[in-house]
Amino acid sequence: VTIYLKEYIMSFIAAVIQDSPIVFDLDSTIDKVEKLTEKAKEKNAELVVFPEAFISAYPKGLDFGARIGMRSEEGRLMYSKYYNSALDFNSKQFKKLCLIAKKYKILMSIGVIEKDHGTLYCTVLLISNKGEYLAKHRKVMPTAMERLIWGFGDGSTLPVISTNIGKIGSVICWENYMPLMRMAMYSKGIQLYCAPTADDRDTWISSMTHVALEGRCFVFSACQYLLRKDCPDYYNPIQGNDKNTIIMNGGSCIINPLGKVIAGPLREKSGILTAQVDLNEIIKGQYDFDVKGHYSRPDIFKLSINEKENKPAEYES
């Protein structure tokens, strides 16, 4: 049942995708995005959340030929393949993603590798159910060797967007371990907290439960289920080259504002999780805890957020 309040939908079905891209193949991955979006819509979903770096790869297990003070030619070639499969926001592939959201009338949150000049960013893209580009969030703190291949986002891409199904934003993978990052999102009134990730450990679910309880929000965590056979022949991960080797084992879930897991965690297979989302559950949760309101104590604690875009060059006439 869908319940409307003025122009807002208070209750709806949300879907979380657990699957793999066509690794290092941009066009084929977008074709797969359409098929998965169609399946989510067949489940009556109004929101679909894809994993981190779904377009077109989270290159788990690769080292890109890097050693301290050294980079190999083979590593540079691998990076070029990765770069060429990334998403340019001024491309026909970007427009196709928007058309997919419009065709199926579904709000889409999708993890992409964004290319901007010579740099790649781990980004979450938000597209409205009318096919409109809403916003993007670039990961502000790549983890460990991710820093070798991805640039750093800045405070200019920390959006929480009001939609007809609620206020939505994204925090990527281990950004969720940054308390001030979480507080920045809570302070903007986030209700639909998307947490795309590559962390497939059992311990991840406890972090997502904490976020839901802390933010009194719905949390949608999407992780890939990726096998070696889903990757091209030249992909040589440290995990090994047996075609059935699990590179990423999922763990996707949906959690309500009181910390109850209402879908998942899903492991050892691909699938689409769905759950009924009722925004009134947020209000019920905030009855005794509102981290940005009556539980915030701003007379003692305050967070300063720099949302300025950091440009390498500024010109004055």
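Everything discussed here concerns the structure shown above.
Note that the structure is a prediction, hence the values are computed from the model and not measured.

Asks: Outline the packing of aromatic side chains, supporting the account with residue identities and numerical values.
Replies: Tallied over the entire structure, the rule returns 15 aromatic pairs. Both rings, one in Phe-64 and one in Tyr-82, keep their centres 5.9 Å apart while their planes meet at 40°; by these two values the pair is tilted. Taken together, the residues span a long stretch of sequence, with Phe-64 in the loop between strand E3 (45-49) and strand E4 (66-67) and Tyr-82 in helix H2 (residues 73-84) at a distance of 18 residues. On the basis of relative accessibility, which here comes to 9%, the residue Phe-64 falls in the buried class. With a relative accessible area of 0%, Tyr-82 lands in the buried category. Centre to centre, the rings of Phe-289 and Tyr-295 are 4.6 Å apart; their planes meet at 45°, and the pair counts as tilted. Judged by relative accessible area, Phe-289 falls into the buried class, the value being 19%. In this arrangement the basic side chain of Lys-136 is found over the ring face of Phe-89, its NZ or CZ atom lying 5.1 Å from the centre. Here the guanidinium or amino end of Arg-138 rests over the ring plane of Tyr-121, the centre of that ring lying 3.8 Å away.

Asks: Can you tell me about the pairing of E3, naming the residues and giving the values?
Replies: Each regular strand shows side chains that alternate between the opposite faces of the sheet. Along E3, five of the five residues are buried, which leaves the element largely enclosed by surrounding structure. Here E3 runs beside strand E6 (residues 107-116); their pairing, made up of three bridges, is parallel. Residue pairing in the sheet places Leu-47 in a bridge with Leu-107 of E6.

Asks: Describe the pattern of salt bridges, naming the residues involved and giving the relevant values.
Replies: Inspection of every chain in the model, using the stated rule, returns 18 salt bridges. Residues Lys-139 and Glu-52 are paired through a salt bridge, measuring 2.9 Å at the closest nitrogen-oxygen approach. Taken together, the residues Lys-139 in the loop between strand E8 (133-138) and helix H4 (146-149) and Glu-52 in the loop between E3 and E4 connect sequence positions 87 residues apart. For Glu-52, a relative accessible area of 1% translates into the label buried. Put simply, Arg-201 and Asp-199 hold a salt bridge, and the shortest N to O gap is 2.7 Å. Note on Arg-201: relative accessible area 38%, which makes it partly exposed. On the basis of relative accessibility, which here comes to 7%, the residue Asp-199 falls in the buried class. Each of Glu-114, Asp-116, Lys-136 and Arg-138 takes part in salt bridges that share partners, so that together they form one network.

Cut-offs and rules
Residues numbered from 1 in each chain as written. Predicted model: local features only at pLDDT ≥ 70, side-chain atom pairs only at ≥ 80, totals over all residues. Heavy atoms only, no water. Phe/Tyr/Trp six-rings, centres within 6.5 Å; stacked < 30°, edge-to-face > 60°. Helix = DSSP H or I, 4+ residues; strand = E, 2+ residues; numbered from the N terminus. Buried < 20%, exposed > 50% of the residue type's maximum accessible area, 1.4 Å probe, protein only. Lys NZ or Arg CZ within 6 Å of the ring centre and 35° of its normal. Pairing = 2+ DSSP bridges. Salt bridge = Lys/Arg side-chain N within 4 Å of Asp/Glu carboxyl O.

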